[in-house]
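Fold and geometry: a report
Letter by letter, the chains look like this.
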Amino acid sequence: MKVLRNSLYALNLVRGACPSYIPWTLLAALTGVTAPLTGVLGIKLLIDALIARDTRSTGLILLAFALLTAATALFRSWYNTVYEPAARTRIGASLSASLLERIGLLDLSAIENSAFYNRCSRAVSEANTRPQGVVQTLCGLVGNLLSLATLTAILLSLDPFVLLLTSGGAALMFVLNLKRSRLGFKQYLERTVLERQVTYIQRVYYEPQYARELRLFAMNPFLVGRYRNAACSLRQTLQRQGLHMWVFSGLEKLLNDCLFVVITLSYLVTRFFAGAISIGGFSALFNGIFQFGDQLYSLLARVPQLYEHSLYLETVQDVLQANPDIEVTEGLTLEASRAHSIEFCHVTFAYPGCEPVFRDLSLTIAAGEQVALLGHNGAGKSTLVRLLLRFYDPQEGRILIDGVDIRRYDIRALRRCFAVVMQDFQHYAFSLAENIALGRPAVLAQDIETAVRQARLDDRVGQLPRGLETAITREFSDSGIQLSGGEYQKLALARAYAQESSILLFDEPSSALDPEAEHTLFASLRRTAGRKTVLFICHKMSLAVHADRVILFERGRIAEQGTPLALLRSGGLYSRLYQLQAKDYLASF
Ligand code: ADP
């Protein structure tokens, strides 16, 4: 029942993406019905005509034979080489696009869940074969049924017992095939993790972001060692699985190729010597038995194929129906043109399956206030930013913007209010302009140019013959450029500046900037005072003096907070860390 439902789902998917695929594939499958006609009936008629020395009938049979074979061959080769590959890709691309779109909407926690991640990667990687596979299998089933009907009629007219013999053999084959197919799927799941480990190390070798470290740390022996271990585990698993599989397929081959052929031939020879069948009948029965067996076997083998496709389609539906846990309850909008207050009320948050990062955290930031978040690595600063952006929701407590729970805002409107520079920002193999706009419709060409100037990237862009149209990385273009670490950080800043925003969230925004660019950044932050709420994370204590307030985190708790001056005077942790860095600075003179 489930197989049927999933197959119907696949048919609808295919019909939506490429309406002509089902009729053409059905026609291709029906051309298979010509084989029983030509191979069994045609041969019998030909032999009978030859024995009767009837040249006219012989000629007509040969002509019909040639026409049918030529038409079938021409159509099938067009279908296989011209039509099917393009249509298959069209269907695969349409399904992949839907899957990618859905995955892009899901929460980070879903993507960080390895079981779900595996399902997503499987759904996308097999989108090019599985739904089409359902159509091929179903059309093949129709072709098989028609061929079987034709063969049954022919065999019944010649020798009904033969039909019983062949059906028994094929049913046995089917049971073995079903078991083999179940085992194949179980083995496939078992191998997936190992295969991913192997391809991960391969990726480390050919993806450019790893190239420098790989050489700097002479990681070759380590990585190749890891690769060999992973590949060795994969090989051992494949060997073990192969042996297991061999038992089934070996038994299948033994039964089919040896026992069945011997029994059938002995029966036919006995019938011929008993005078029950003519030489034409012998030939027709001989071909018919094997064709009937093949067709029945192929029909039965398609059932487990459908079962396999059906399991895949469940994965597709799982992914397409997955909903973000982070729900928008009311969809209130939030203006990006004025500053907003932020409040964390008794927030408790743990990443899935981990110890809580925050326990009962409360914190208020006034509209237009500029706050520096400080603390050791792992203290929870970036997590605070992620909660504000609703990458995750807290398990307890509430986060308010302008006194309203952020869960009540439309999530896109909420995120649009923030200009964010994340610590782990990425760049893409697109043009500079595209890397700044990132597909946001509100970002216009002139916004990009202004943002580039604000981020002090304009000098570098000015040197490029194609300016903002220059591609980043050489992945797809020989004229592509590679920027320095600091320039990439400027690019991330330009992204943040390119769109109107009311809250700036900067996670170590100047860690790779030169002193001049750092100075410009903090001067521009000062200019926004009162107009924008600013939260910036930094490790240089001297930069925190630019803020109205410093909040120092320790293991998810607020250890100290106050104006930079008050904290310096208090002689607490901030002051100690400040002195420590200042001492290092002065010690060099
Ligand atoms: P900070 O920004 O202060 O360096 P983070 O907020 O990044 O610290 O991390 C706080 C804690 O949460 C750390 O113990 C870190 O290991 C953990 N953590 C961060 N991101 C994740 C994640 N995606 N899944 C699980 N734990 C995480």
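Residues numbered from 1 in each chain as written. Predicted model: local features only at pLDDT ≥ 70, side-chain atom pairs only at ≥ 80, totals over all residues. Heavy atoms only, no water.

1. What about the overall build of the chain?
Just so we agree on the cut-off: Under the scheme used here, helices are H or I runs from DSSP no shorter than 4 residues and strands are E runs no shorter than 2 residues, and both carry numbers assigned from the N terminus. As defined in this context, the radius of gyration uses C-alpha atoms, and a globule is described by 2.2 Å times the residue total to the power 0.38. Under the scheme applied here, a residue whose accessible area is under 20% of the maximum for its type counts as buried, over 50% as exposed, and between as partly exposed, the area being computed with a 1.4 Å probe on protein chains only. Contacts: residue pairs with any heavy atoms within 4.5 Å of one another. Each accessible area is a Shrake-Rupley result for a 1.4 Å probe, and residues are judged covered by the shown protein chains and nothing else. We count Lys and Arg on the positive side and Asp and Glu on the negative side, and we leave His and both chain ends out. Note that the charge is assigned to NZ on lysines, CZ on arginines, CG on aspartates and CD on glutamates.
When helices and strands are tallied, the chain shows 20 helices and ten strands. Computed over C-alpha atoms, the radius of gyration of the chain comes to 35 Å, more than 25% over the 25 Å expected from 2.2 N^0.38 for 589 residues, which places it beyond the range of a compact globule. Along the first, second and third principal axes, the C-alpha atoms of the chain reach 115 × 55 × 50 Å. For the chain, the proportion of its 589 residues judged to be buried stands at 44%. Long-range contacts, defined as pairs at least 24 residues apart, comprise 75% of the intrachain contacts of the chain with a sequence gap of at least 6. Of the roughly 31,200 Å² of accessible surface on the chain, 60% is carried by carbon and sulfur atoms. Positive and negative side-chain charges of the chain, numbering 59 and 51 respectively, have mean locations separated by a distance of 5 Å.

2. Concerning helix H8 (residues 160-206)
Under the convention used in this document: The angle separating two fitted axes, one through the seven residues that finish at a residue and one through the seven that start at it, defines the bend at that residue. Pairing of N or O atoms within 3.5 Å defines a polar contact, subject to two protein rules: one partner must be a possible hydrogen donor and the other a possible acceptor, and residues neighboring in sequence count only if both atoms are side-chain atoms.
At Thr192, H8 shows its strongest bend, of approximately 35°. Its side-chain oxygen placed 3.1 Å from the backbone nitrogen of Phe161, Asp159 serves as the N-cap of H8.

3. Considering the domain arrangement of the chain
Basically, it comes down to this: Start and end positions for the domains come from either an automated domain assignment or a database one.
Here the chain is described as being made up of domain 1 (2-181 + 250-320) and domain 2 (426-500). Inter-centroid distance (C-alpha atoms) of domain 1 to domain 2 is 54 Å.

4. A short note on the pattern of salt bridges
Oppositely charged side chains can form a pair if their charged atoms are brought close together. Applicable threshold: What makes a salt bridge here is a side-chain nitrogen of Lys or Arg within 4 Å of a carboxyl oxygen of Asp or Glu, nothing more.
Applying the stated criterion to the full structure yields 22 salt bridges. Where Arg130 meets Glu308, a salt bridge forms, and the shortest distance between an N and an O atom there is 3.7 Å. You can see Arg130 sitting in helix H7 (residues 130-158) and its partner Glu308 sitting in helix H11 (residues 279-321), a full 178 residues away along the chain. On the basis of relative accessible area, Arg130 is assigned to the buried category, the value being 14%. Its relative accessible area of 24% is what places Glu308 among the partly exposed residues. Across the pair Asp514 and Lys490 runs a salt bridge whose closest N-O atoms are separated by 3.5 Å. With Asp514 in the loop between strand S7 (503-507) and helix H18 (515-527) and Lys490 in helix H17 (residues 485-497), this residue pair connects regions lying 24 residues apart in the sequence. Judged by its relative accessible area of 11%, Lys490 falls in the buried class. Bridged by salt links that share partners, the residues Arg122, Glu126, Arg130 and Glu308 form one connected network.

5. A word on the site of the ligand
What counts, and what does not: Think of it this way: one heavy atom of a residue within 4 Å of a molecule or strand is enough to make that residue near it.
What surrounds the ligand is a group of 14 residues, the closest being Gly378, Gly380, Lys381, Ser382 and Thr383. Take Ala379: an N or O atom from its main chain is 3.1 Å from an oxygen atom of the ligand. Taken by itself the ligand offers 560 Å² of open surface, and the protein chains cover 64% of this. If you tally residues by element for the shell around the ligand, the top one is helix H12 (residues 381-388), at four residues.

6. Details of the sheet that holds strand S5 (residues 404-405)
We apply this condition: Whether two strands pair comes down to DSSP finding at least two bridges between them. Fitted lines through C-alpha atoms serve as axes, helices being fitted only where they are in contact, and the angles separating the N-to-C directions of these axes extend from 0 to 180 degrees.
Taken in spatial order, the four strands make up an open sheet running S2-S1-S4-S5, and their pairing is antiparallel. Taken across any chain shown, the strands that pair with only one partner, and hence form the sheet edges, are strand S2 (356-365) and S5. Two strands pair when backbone bridges link them, and strand S1 (residues 342-350) and S2 are joined in this way by six bridges, in the antiparallel orientation. In the strand pairing of S2, Ala350 is matched with Pro356. Along the sheet, H12 makes contact with S1, S2 and strand S4 (396-401), crossing S1 at roughly 110°.

7. Here's the deal with the sheet that holds strand S6 (residues 418-421)
Read from one edge of the open sheet, six strands run S6-S7-S8-S3-S9-S10, paired in mixed fashion. Edge strands, defined here as strands with exactly one partner in the open sheet, are S6 and strand S10 (557-562). Averaged over all neighbouring strand pairs, the angle between strand axes comes to 15°, with direction disregarded. With five bridges connecting them, strand S9 (residues 549-554) and S10 associate as antiparallel partners.

8. So, the packing of aromatic side chains
Our working rule: Two aromatic rings from Phe, Tyr or Trp, using only the six-membered ring of Trp, form a pair when their centres are within 6.5 Å; if the ring planes differ by under 30 degrees the pair is stacked, by over 60 it is edge-to-face, and anything between is tilted.
For the coordinates displayed, the defined rule picks out 20 aromatic pairs. Between Trp24 and Phe75 the ring centres are 5.9 Å apart and the planes differ by 35°, which places this aromatic pair in the tilted class. Highlighted residues: Trp24 in helix H2 (residues 21-30) and Phe75 in helix H4 (residues 55-105), separated in sequence by 51 residues. Owing to a relative accessible area of 32%, Trp24 belongs among the partly exposed residues under this scheme.

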